[in-house]
Amino acid sequence: MTRDEAVTAHGPAKAADPMACADPVVQNRLRAAAADRIRAARPELADAYDLGSAEGLLAVRERLGEDSPQHLAAVVLNRFDLASWARATCEFALGLSAEQTALWRRSFTRTVFLAGNPDNLRERFAFARLAEDGSAAWTAPGPAADTAALRRLLKLFDGPRPLPVRADTVVEIPPRPGGERAAVHRELHIAAAGCRISDALVHLNHLLTEAVMDGLIGPGDTLTIRHVPRLTNPTDRFAALRVEAEPTLPGRLRAAAGLTEEALLV
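Cut-offs and rules
Residues numbered from 1 in each chain as written. Predicted model: local features only at pLDDT ≥ 70, side-chain atom pairs only at ≥ 80, totals over all residues. Heavy atoms only, no water. Helix = DSSP H or I, 4+ residues; strand = E, 2+ residues; numbered from the N terminus. Expected span 1.5 Å × (residues − 1). Buried < 20%, exposed > 50% of the residue type's maximum accessible area, 1.4 Å probe, protein only. Axes fitted to C-alpha atoms, helices over the stretch in contact; angles between N-to-C directions. Left-handed = near helix turned anticlockwise from the far one by under 90°. Contact = heavy atoms within 4.5 Å. Nonpolar A, V, L, I, M, F, W, Y, C, P; charged D, E, K, R; others polar. Right-handed = clockwise from strand over helix to strand, strands pointing away.

**Q** Explain helix α7 (residues 197-213) to me, using residue names and the numbers behind them.
**A** In this model, α7 (17 residues) spans 24 Å end to end at C-alpha, consistent with the 24 Å of a helix rising 1.5 Å per residue. Of all 17 residues that make up α7, 15 are buried, and the element is covered over most of its length. Positive phi shows up at Gly-215, right after α7, with a value of about 80°.

Below is the structure:
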């Protein structure tokens, strides 16, 4: 939740007006996205809280803060390249079993990012996925005890630097024989103003893995990663949103990242 100025791939970013996110229509859309995520992960909470109100969402957040996550995944990062990491994150999520997916989602796809070299750890620890360039490795989501030794060995990945803003980047998810649906193209928007690398990891990890779980991203799909200063109008075009608190406007929400509606690849 740190914020700063950003520079887009096309030149200096124009400062976006935070009050745009105070629009009631925008806030309703963001609350709905946050509520949908809670319902998908913990449907019983939808019956206990008013997810249509800011107060209800805050109460759920406080309730979840009191609980220890039952399942989590660990990611070991040697270096960070957004396109490579995003592709491998999708491949990782696509390779999970239905049981792994269900249990991990109940913990809101909790993920711990650790600093280390996966090549030096492969003989000691079991990884479910290794990025093609060797920059990152994922453990299968499971009980926290499963990764306790790895988490004791390595320090948390610290990405305090601003997210590097680049030109639009195309990422292709590897296809699978006999795919169940036609491949689609989506844009992955990340609000880059003041976004640190560590912020981007958290936001995009949740957005991408849960989009895979919801069938929004599949084998053979293409994603165009697009940096924007802010997602000021998240009511249009977006099939999924990553929502967080707006630090400049208490009680308001903002979109940290978004995945657009699909376009068929022909």
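**Q** Explain unusual backbone geometry residue by residue, including any values.
**A** A negative phi angle is the norm for most residues apart from glycine, just as the trans form is the norm for most peptide bonds. For Phe-108, which is not glycine, the phi torsion reads 55° and is therefore positive. Note on placement: Phe-108 falls in the loop between α5 (98-106) and β4 (111-115). For Phe-108, a relative accessible area of 11% corresponds to the buried category. Notably, Thr-109 is not glycine yet its phi reads approximately 45°, a positive angle. For Thr-109, the location among the structural elements is in the loop between α5 and β4.

**Q** So what's going on with the packing of helix α4 (residues 82-94) against α7? Residues and values would help.
**A** Angle between the axes and distance between the axes are the two parameters that describe a pair of packed helices. In contact at an axis separation of 9 Å, α4 and α7 are set at 40° when each is read in the N-to-C sense. Seen from above, α4 lies across α7 with right-handed handedness. Contact with α4, carried on its side by Leu-82, Trp-85, Ala-86, Thr-89, Cys-90, Ala-93 and Leu-94, involves Leu-201, Leu-204, Asn-205, Leu-208, Thr-209 and Val-212 of α7 and no other residues of that element. Of the residues assigned to the contact of α4 with α7, the class counts are ten nonpolar, three polar and no charged.

**Q** Mind laying out the pairing of strand β9 (residues 184-191), listing which residues take part and the relevant values?
**A** Summarising burial for β9: seven of the eight residues are buried, a large majority. As for the winding sense of the linkage, the β-α-β connection from β9 through α7 to strand β10 (residues 222-228) is right-handed.

**Q** Describe the environment of Ser-84, and please don't skip the residues or the numbers.
**A** You can see Ser-84 is positioned in helix α4. Relative accessible area serves as the criterion here: at 10%, Ser-84 is assigned to the buried category. In the structure, Ser-84 is positioned 49 residues away from Asp-133 in sequence and 7.6 Å away in space, judged by C-alpha atoms. Apart from the residues lying within four places of it in its own chain, the contact partners of Ser-84 are Ala-131, Asp-133 and Ser-135.

**Q** Quick rundown of the side chain of Glu-210? Include the residues and the values.
**A** Note that Glu-210 resides in helix α7. Classification of Glu-210 as buried rests on a relative accessible area of 9%. Leave out the neighbours within four places in its chain, and Glu-210 touches Arg-37, Arg-105, Phe-108 and Thr-109.

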